[in-house]
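Listed below, chain by chain, are the residues.
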Amino acid sequence: MIDELRDEAIIQKVGGRFKLSTLIQKRLIALNRGVRPLVYMPGASNLEIVIQEIVQDKIYLSMKNELRTIEDDMPTEAPQEIDFQSI
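Undergrad: I'm lost on the environment of Gln25 in this one. Help?
TA: Summarising the element assignment, Gln25 is placed in helix α2 (residues 17–32). A residue is classified by how much of its surface remains accessible, and Gln25, at 48% relative accessible area, is partly exposed. As for Gln25 and Val50, which are separated by 25 residues in sequence, their C-alpha atoms are 9.2 Å apart.

See below:
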């Protein structure tokens, strides 16, 4: 078993066992579909990656129980306007 799952801190960090289970499941689905991991852990299983993402505060559940990442919260630059007359 992964040692971090034995620690109550990770359970409290996400708001309880149910939310932890939900977050792990949603992130595992995303990783299995090919989403890029947010931590570099060569040779680690997807479950180990998810746990480490939680420990490092890289993923969380929104108030609507939706999977969110720190990348989702980063501001995006406004798209550059294209000058079609110069083409």
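Undergrad: What should I look at first to understand helix α3 (residues 46–55) in this one?
TA: Of all the positions in α3, only Ile49, Val50, Ile51, Gln52, Glu53 and Ile54 are classed as buried. Its buried side turned inward, α3 meets α1 (8–14), α2 and β1 (59–61). Remark: Asp57 follows α3 within two positions and exhibits a positive phi of approximately 60 degrees.

Undergrad: Please clarify how α2 should be interpreted in this entry.
TA: Given 3.6 residues to a turn, an α-helix orients residues that are three or four positions apart in the same direction. Taking 1.5 Å per residue, 16 residues should reach 22 Å; α2 reaches 22 Å between its end C-alpha atoms and fits that length. Restricting attention to buried positions, one finds in α2 the residues Leu20, Thr22, Leu23, Ile24, Arg27, Ala30 and Leu31. Taken together, the buried residues of α2 touch α1, α3, β1 and β2 (67–69). Backbone geometry just downstream of α2 places Gly34 in the positive-phi region, at approximately 105 degrees.

Cut-offs and rules
Residues numbered from 1 in each chain as written. Predicted model: local features only at pLDDT ≥ 70, side-chain atom pairs only at ≥ 80, totals over all residues. Heavy atoms only, no water. Helix = DSSP H or I, 4+ residues; strand = E, 2+ residues; numbered from the N terminus. Buried < 20%, exposed > 50% of the residue type's maximum accessible area, 1.4 Å probe, protein only. Contact = heavy atoms within 4.5 Å. Expected span 1.5 Å × (residues − 1).

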